[in-house]
Amino acid sequence: MTISKLVVSSGLCSALFLAGCTDPGTLNLPSDPNQNTKQGALLGGLVGAGVGAIANDSDPLLGALAGGAIGAAGGGLIGNQLDRQAAELRQQLANDGITIVNAGDRLIVTVPNDITFDTDSSTVRPALRSDLVRVGQNLVRYPNSAVQVIGHTDSDGEASYNQALSERRARSVADVLQANGVNGARISTIGLGENRPAASNLTPEGKARNRRVDIEIIPNGNT
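Model, not experiment: these values are computed from the prediction.

Comments concerning the overall build of the chain
Next, step 1: For the chain, the count of helices and strands is seven helices and five strands.
Next, step 2: Moving toward the C terminus, one meets the helices and strands of the chain in the order α-α-α-β-β-α-α-β-α-β-α-β.
Next, step 3: Of all 223 residues assigned to the chain, the portion counted as buried reaches 44%.
Next, step 4: A sequence separation of at least 24 residues applies to 69% of the contacts in the chain between residues at least 6 apart.
Next, step 5: Element-wise, carbon and sulfur atoms account for 58% of the exposed surface of the chain, whose accessible area totals about 11,100 Å².

Focus on the pairing of strand 5 (residues 212–219)
Next, step 1: Most of strand 5 sits out of view: eight of its eight residues are buried.
Next, step 2: Of the two faces of strand 5, the one carrying Arg212, Asp214, Glu216 and Ile218 and the one carrying Val213, Ile215, Ile217 and Pro219 are both buried.
Next, step 3: Strand direction decides the pairing type here: strand 2 (residues 107–112) and strand 5, joined by six bridges, are antiparallel. Residue pairing in the sheet places Val111 in a bridge with Val213 of strand 5.
Next, step 4: As defined by bridge partners, strand 3 (residues 145–152) adjoins strand 5 across eight bridges and the pair is classed as antiparallel. For Ala146, the partnering residue across the bridge sits in strand 5 and is Ile218.

Things to note about the nonpolar core
Next, step 1: Counting residues in hydrophobic clusters, the biggest one holds 28 residues, and the most contacted among them are Val109, Val149, Leu177 and Ile215.
Next, step 2: At the level of elements, helix 3 (60–92), strand 2, helix 5 (126–141), strand 3, helix 6 (159–179) and strand 5 are the ones that each hand at least two residues to this core.
Next, step 3: If one sorts the elements of this core by residue count, helix 6 sits on top with five residues.
Next, step 4: Residues contacting Leu177, with those up to four places away along its chain left out, are Leu132, Val135, Gly136, Leu139, Val147, Val149, Val182, Ile187 and Ile215.

Some details on helix 6
Each full turn of the α-helix corresponds to 3.6 residues, which orients residues three or four apart in the same direction.
Next, step 1: Between the first and last C-alpha of helix 6 there are 30 Å, a value that for 21 residues agrees with the 30 Å anticipated at 1.5 Å per step.
Next, step 2: Within helix 6, the full set of buried residues consists of Asn162, Leu165, Ser166, Arg169, Ala170, Ser172, Val173, Ala174, Val176 and Leu177.
Next, step 3: Each element contacted by the buried residues of helix 6 is listed here: helix 4 (113–116), helix 5, strand 3, strand 4 (187–191) and strand 5.
Next, step 4: Once helix 6 ends, the next one or two residues include Gly181, with phi positive near 100°.

Overview of the pattern of salt bridges
Next, step 1: The tally for this structure, following the rule as stated, stands at nine salt bridges.
Next, step 2: Taking the shortest distance from any N to any O, the salt bridge between Asp105 and Arg106 comes out at 3.4 Å.
Next, step 3: Connected through salt bridges with shared partners, the residues Asp105, Arg106 and Glu216 form a single ionic network.

A closer look at the sheet that holds strand 1 (residues 99–102)
Hydrogen bonding along the main chain pairs the strands of a sheet, whether they run parallel or antiparallel.
Next, step 1: Strands sit in the order 1-2-5-3-4 across an open sheet of five strands; the sheet is mixed. Two strands bound the open sheet, and with one partner strand each, they are strand 1 and strand 4. Within the sheet, the average angular offset between the axes of one strand and its neighbour, ignoring direction, is 20°.
Next, step 2: Bridging between strand 3 and strand 4 involves five bridges; their strand directions are parallel. Among the inter-strand pairings, Gly151 is bridged to a residue of strand 4, identified as Gly191.
Next, step 3: Together, strand 2, strand 3 and strand 5 form the strand contacts of helix 5, whose direction differs from that of strand 5 by roughly 10°.
Next, step 4: Lying on the sheet, helix 6 is in contact with strand 3, strand 4 and strand 5; it crosses strand 4 at an angle near 160°.

Rules and cut-offs
Residues numbered from 1 in each chain as written. Predicted model: local features only at pLDDT ≥ 70, side-chain atom pairs only at ≥ 80, totals over all residues. Heavy atoms only, no water. Helix = DSSP H or I, 4+ residues; strand = E, 2+ residues; numbered from the N terminus. Buried < 20%, exposed > 50% of the residue type's maximum accessible area, 1.4 Å probe, protein only. Contact = heavy atoms within 4.5 Å. Areas by Shrake-Rupley, 256 points an atom, 1.4 Å probe, with all protein chains shown as cover. Pairing = 2+ DSSP bridges. Core = buried A, V, L, I, M, F, W, Y, C linked by side-chain atoms within 4.5 Å. Expected span 1.5 Å × (residues − 1). Salt bridge = Lys/Arg side-chain N within 4 Å of Asp/Glu carboxyl O. Axes fitted to C-alpha atoms, helices over the stretch in contact; angles between N-to-C directions.

Now the structure itself:
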């Protein structure tokens, strides 16, 4: 690798690392409806520039510029899709307990277990089924993504029981999505039991937050 190529690619990789460590909310004003589109373009541009610099032996700077332009366009498209999809889901879902977070590279739809399942049950309550149907319909309209359904519990009870319950609940949610038109090949289910808490298990409020199913919607360009 030539010195100029090493300098360009190293600088771009450093910029990418710093951008990846930046809180997405600090890149743009919170009220900016296109903040994830812009963030996607920024990160995509940095990745493309780094790849272009490494790939172009004769002129790494030219490679970086070309790769950056291509990466920015691709990243911007992914960010725009996530912005639009998140806005639609927020309009469509009726239960205020369901949260939607745009993490920049994916959407995370969090469904609290307390409003979705009866105690120790993995059968989706009829009242929540309609919202999961809407999530499924939304996924059908946005087919270019993978879907990870991840079950979580609090730390009460045996860890082995919690693990099995989280797996059953993830599969139940995935079954509703698939029954409403989502291609099963797009969906994977994971049970994490009590291993990835979102809050402290020392308080009732924290335990309630930890009992959840996350539906992670990941654009194909990020998988």
